[in-house]
Amino acid sequence: MRVSSNRTRHRNRDLASLVIAGTVAVAACGTVLLGYPGTASADPIEQCTATTGAIVAVDFTHWGGGVVRGCDAHPTTGMNLLHNAGFTTSGTEHDGPAFICRLGTGAFNGGAQYPTPAEEPCVNTPQATAYWSYWIAEPGQQTWSYSRFGAGTQKPEPGEVEAWVYGGTDIGGTSGAPGFTPDSVRARSGGTPPSASPSPAVALSAPVGRKPDAARGSAYLTDPARLIDGHYYEGFPAFADFGLTIDGAYALAATGTDDAALRGIVDFLDQQGKDASERTVNDWTAIGTEYAGGGSIGKEALLAEAVGRNPRDFGGHDLIAALAALVCAKADANTGCAAPGNYTYATSVFSQALAVMAQLRAGESTSAAPAIAYLKGLQHPDGSWPSLIPATGDSDVDSTAMAVMALALVPGDEAAQAVDQGLGWLASRQLPDGGFPGAAGDSTNSAALAVQGMTLRQASYGGQIAKALDFLAGQQNGDGGFNVAAAGQQGSDVRASTQVLGGATGISFGTLSRNLGGTPTPTPTGTPTTTPTGTPTSTGTPGGTPTGTPTGSPTTIAPIPATDTPSSGGIDIPKGDGAAGAGGVTVRTGSGSLAGTGSQALALTAGAGALTALGAAAVLVARRRTAAGPGRHR
């Protein structure tokens, strides 16, 4: 992150003085080379008031996180304020610790620093198009001002708020300002901050408005009549829907509302639990056979990565090695390859994006390069992506959201431009009621995916995110579940609910992370019942590595407030986004509503008959060989 008032000043005349000042600050605070304070303790945020101390807010929404703020009751410099508020910093090899190149907090992704080394090596001064910019709002000031000083020389005034935002600015700081107002993070005159409870640092959420109720939604998903011994069943009671099961796990990981149920799902998959027809997740992915699907294996691998399991030893297989072997070298219909770089039997953009994210999260950028190039090449000139592979010329909200989440993990200007163009198209598709068009019409699934995508650039799309969240809140029913769409047959749908619940948090599948350490394994209960089917997307966490230990301990980012009433106040930043199918044929679910989740109704119907008549193996062959519709990522 940048510490000067503008890039030219920082690069030239003031760089030497900033480094000197930063070195002095380091010496005074006992910090290590990368800028950590040595022994200072974080001040509880309630100690910062309108007349005492200063607050700093750091915006991690570029990586699917949120805005996190912290307090220092007696700051001496802007750098000191950051560290005492619980944030960690790293400089560049060229400029030293005074030039903030990376920032991290324990409130987001376990303290990982951003940008990741893959995005920015932090060797030389970062480019003006992507760096941490520094903003100030003095007491009573209603707008942000680009700091005239570096963090090592800026002297915070009592009641001041400071902000750090990742992105680009111009020379005069007239662009790239924070997407939230100073008042939304400012200490209150009575000493009570906008947060609900005292803590050294508080993670805030984005624009004000209604949001889905995470607690009620999770209760709906984990009801023993639906979640049975760690898995869900689709329309056929004997056959578990493994894609829907992973969707449910994504939702629970994003909201953090029921770790015991989440662990039950993960253990069922990892330990190769069997459904009522003796099938395991490996039968669903077909791993180890000539019909292995890159999208389904990628989806499974991403879940393992998101919850801290080893994707190279999950469900009895090395999922990452399997993915590398499934990258097509040439087009071959007999092997499920549409083109070089496509994954075998990945017949939708959704599937391609899932597998790309899984490989990138595992550090396999080289082996994933052809798949990334192929995904980029599918983008239309207007910024959108099609739903199917091979492309049919359509433009799809779900697929575009998935593609931008995958490419957001790819370093470089080319990928960043593709993401920006994709988000511009995506935002333009929002309907007047806040929803987004999908296979089911005004689709809750598509709106949730759009929230997830737009949160990659929350500063630009905050208002549209809030409108989409309000739309989703209006589609939540009394039992906690969600409708498939605003029109048509109403009623809670399991698949739509998994996708909306996770999606409304705004957490990108590229950064979703939930540590399950110490979570008890739930006791098996229930018997198979008919439930809907569907498929979300993958999750991943870029590997920024913080150094040292921050002196403050920011609180964990709460994705969606678990309340029965709409939240208000502060910044309402959605954090994660459950994903759904890429514009497929709608599917009738157990509740009777139509799920626009990308599942092919014909394939499901034919699959059921084949399973009955020929057995699971014959169906698997037919499924891989049959021309797939949207949602083959399942």
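Residues numbered from 1 in each chain as written. Predicted model: local features only at pLDDT ≥ 70, side-chain atom pairs only at ≥ 80, totals over all residues. Heavy atoms only, no water.

### Brief notes about the side chain of Gln475
For step 1, the next point in the chain: Summarising the element assignment, Gln475 is placed in the loop between α16 (458-474) and α17 (494-503).
For step 2, the next point in the chain: Excluding anything up to four places from it in sequence, Gln475 contacts Thr444, Gly481, Phe482, Asn483, Ala485, Ala486 and Gln490. (Helix = DSSP H or I, 4+ residues; strand = E, 2+ residues; numbered from the N terminus. Contact = heavy atoms within 4.5 Å.)

### Some details on the pattern of salt bridges
For step 1, the next point in the chain: Scanning the model with the defined rule gives 13 salt bridges in all.
For step 2, the next point in the chain: Between Asp275 and Arg279 there is a salt bridge, with its nearest N and O atoms 2.9 Å apart.
For step 3, the next point in the chain: Relative accessible area serves as the criterion here: at 4%, Asp275 is assigned to the buried category.
For step 4, the next point in the chain: Linking Arg312 and Glu364 is a salt bridge whose minimum nitrogen-to-oxygen distance equals 2.8 Å. Placement of the pair is Arg312 in the loop between α9 (294-306) and α10 (319-325) and Glu364 in the loop between α11 (349-361) and α12 (365-377), with a sequence separation of 52 residues.
For step 5, the next point in the chain: Judged by its relative accessible area of 34%, Arg312 falls in the partly exposed class.
For step 6, the next point in the chain: Owing to a relative accessible area of 23%, Glu364 belongs among the partly exposed residues under this scheme. (Salt bridge = Lys/Arg side-chain N within 4 Å of Asp/Glu carboxyl O. Buried < 20%, exposed > 50% of the residue type's maximum accessible area, 1.4 Å probe, protein only.)

### Regarding the sheet that holds strand β5 (residues 113-114)
For step 1, the next point in the chain: One open sheet holds the three strands; their spatial order is β3-β4-β5, and the pairing between them is antiparallel. What marks the edges here is a single partner per strand, and that holds for β3 (87-90) and β5.
For step 2, the next point in the chain: One ladder, built from two bridges, connects strand β4 (residues 102-105) with β5; its direction is antiparallel. Within the sheet, the bridge partner assigned to Leu103 lies in β5 and is Tyr114. (Pairing = 2+ DSSP bridges.)

### With respect to the layout of surface pockets
For step 1, the next point in the chain: Quantified by volume, the largest pocket comes out at close to 870 Å³.
For step 2, the next point in the chain: As for the largest pocket, its lining consists of 34 residues, of which His62, Thr129, Ala130, Tyr166 and Gly167 are closest to the centre.
For step 3, the next point in the chain: For the lining of the largest pocket, the secondary structure elements donating two or more residues are β8 (161-167), α14 (413-428) and α16.
For step 4, the next point in the chain: A total of six residues in the lining of the largest pocket trace back to one element, the largest contributor, which is α14.
For step 5, the next point in the chain: Residue classes in the lining of the largest pocket are distributed as 16 nonpolar, 12 polar and six charged. (1 Å grid on protein atoms, 1.4 Å probe; cavity = no way out; pocket = protein on both sides within 12 Å on 5 of 7 lines; lining within 4 Å. Points joined across faces, edges and corners; volume = space filled by probe spheres on them. Nonpolar A, V, L, I, M, F, W, Y, C, P; charged D, E, K, R; others polar.)

### What to know about the state of the cysteines
For step 1, the next point in the chain: Across all of its chains, the model carries three disulfides by this definition.
For step 2, the next point in the chain: A sulfur-sulfur distance of 1.9 Å marks the disulfide that ties Cys48 to Cys71. Between Cys48 and Cys71 the sulfur-sulfur dihedral comes to about 90 degrees; the bridge is accordingly right-handed. With Cys48 in the loop between α2 (15-29) and β1 (54-59) and Cys71 in strand β2 (residues 67-72), the pair connects residues that are 23 residues apart, well separated along the chain. Cys71 shares its class with Cys48; the two are buried.
For step 3, the next point in the chain: There is a disulfide in this structure between Cys328 and Cys337, and the S-S distance comes to 2.0 Å. Because the torsion about its S-S bond is -80 degrees, the bridge between Cys328 and Cys337 counts as left-handed.
For step 4, the next point in the chain: Once the bonded cysteines of the protein are numbered in order along the sequence, the disulfide links fall as 1-2, 3-4, 5-6. (Disulfide = S-S within 2.5 Å.)

### Structural notes on the pairing of β3
For step 1, the next point in the chain: Across the two faces of β3 the burial is the same, with Phe87 and Thr89 and Thr88 and Ser90 all buried.
For step 2, the next point in the chain: The sheet contact formed by β3 and β4 spans four bridges and is antiparallel. Paired with Ser90 across the two strands is Arg102, which belongs to β4.

### Focus on the confidence of the model for the protein
For step 1, the next point in the chain: Mean pLDDT over the protein stands at 75; residues scoring 70 or higher make up 70%.
For step 2, the next point in the chain: The secondary structure element of the protein with the lowest average pLDDT is strand β12 (residues 587-588), at 22, and the one with the highest is α10, at 97.
For step 3, the next point in the chain: Within the model, the stretch residues 1-40 combines pLDDT values under 50 with 111 contacts to residues more than four positions away or in other chains. (pLDDT = per-residue confidence, 0-100.)

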